[in-house]
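Overview (structure and organization)
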Amino acid sequence: MKCKDDEIISLMLQPNSSEKGLRAMMDTYQSRLYWHIRRLIVQHDLAQDVLQDTFIKAYNNFGQFKQDSKLYTWLYRIATNEALQQLAKLKKMQKTDEDAEYYMQNLVAQNAEHDAEEIQILLQKAIQTLPEKQKLVFNIRYYDELPFEEISNILEMSVSTCKTNYHYAKEKIENYIRENYES
C-alpha cells in the first residue's frame, strides 16, 4: 500500500511504528528506487542488494532527515550514493577503467531481455560509456523525468552543472548511437 510522505515520516519518527513506516516507505518507493539503481548498476542481483542497503541506511539514519527536501529526494540521494559505492567496488575489481567500461557494456547486453530492441541496448551501452556525473544526471532526467532543481538536490550540485552534464551526456549518447547503429 502506497502512502503519502507525511504519513511515512510520521510513522518513522515514532519508535513504536518505525518498522511500519519502513514497510510503507518500501511499498511506496521500492520500484522507483530499484529502477534508478538498476540503470546505474545494470545487474539485477546487485541492484537488489543496493536497494536493500538503501532502505537499511534510510531506516538507521532517519533521524538525520531534516525534511527540507522531499522524502524521495533524500532516498534517491542515499540510493545514488549506495550505487556509486557499489560501482566503485566493481571498478576496483577491474584492472582498468577501460576494462570496467567493457564489463559494464557486456552486463547490459547480458541483462537485456531477448526481445529488447537493438536501439534500447545501444542506449544502455552508450549510457555506460558516460562519465559518472553525466550518467547520473542523464538517468535521473531521462528515466525519472525529474526537474533539474530536484536532480540538483539529489546529487548536491548546482542546477546549471546538472543542465551542462545532461547536455553533454545527451550529445555523447546521440553520437554513440549514430556511430554504432546498423540500420
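It should be emphasised that the depicted structure is a prediction, and the values quoted were computed from it without experimental measurement. (Residues numbered from 1 in each chain as written. Predicted model: local features only at pLDDT ≥ 70, side-chain atom pairs only at ≥ 80, totals over all residues. Heavy atoms only, no water.)

The next thing to look at is the overall build of the chain. Helix and strand counts for the chain come out as nine helices and zero strands. Buried residues in the chain amount to 46% of all 183 residues. Surface accessibility of the chain: about 10,700 Å² in total, with carbon and sulfur atoms responsible for 46%. (Helix = DSSP H or I, 4+ residues; strand = E, 2+ residues; numbered from the N terminus. Buried < 20%, exposed > 50% of the residue type's maximum accessible area, 1.4 Å probe, protein only. Areas by Shrake-Rupley, 256 points an atom, 1.4 Å probe, with all protein chains shown as cover.)

Positive phi, close to 80°, is recorded for Val42, a residue that is not glycine. Judged by its relative accessible area of 6%, Val42 is buried. A positive phi is found at Gln67, a non-glycine position, where the angle reads about 65°. Topologically, Gln67 is positioned in the loop between helix H3 (44-60) and helix H4 (71-93).

Moving on to helix H7 (residues 132-144). Compared with an ideal rise of 1.5 Å per residue, which puts 13 residues at 18 Å, H7 spans 17 Å between its outermost C-alpha atoms and is within 8% of the ideal. Note on H7: the residue one or two positions beyond its end, Glu145, has a positive phi of about 55°. (Expected span 1.5 Å × (residues − 1).)

With that settled, the discussion passes to the side chain of Gln134. Note on placement: Gln134 falls in helix H7. By relative accessible area, Gln134 is classed as buried at 8%. Apart from residues no more than four positions distant in its own chain, Gln134 is found in contact with Asn165, Tyr168, Ala169 and Lys172. (Contact = heavy atoms within 4.5 Å.)

Applying the stated criterion to the full structure yields three salt bridges. A salt bridge links Glu82 to Lys57, with the shortest nitrogen-to-oxygen separation between them at 2.8 Å. Here Glu82 is found in helix H4, whereas its partner Lys57 is found in helix H3, with 25 residues between them in sequence. Here Lys57 falls in the partly exposed class, since its relative accessible area comes to 34%. Residue Arg77 pairs with Glu156 through a salt bridge whose shortest N-O separation is 3.6 Å. Of this pair, Arg77 sits in helix H4 while Glu156 sits in the loop between helix H8 (148-155) and helix H9 (159-180); the two residues are 79 residues apart in sequence, bridging distant segments of the chain. (Salt bridge = Lys/Arg side-chain N within 4 Å of Asp/Glu carboxyl O.)

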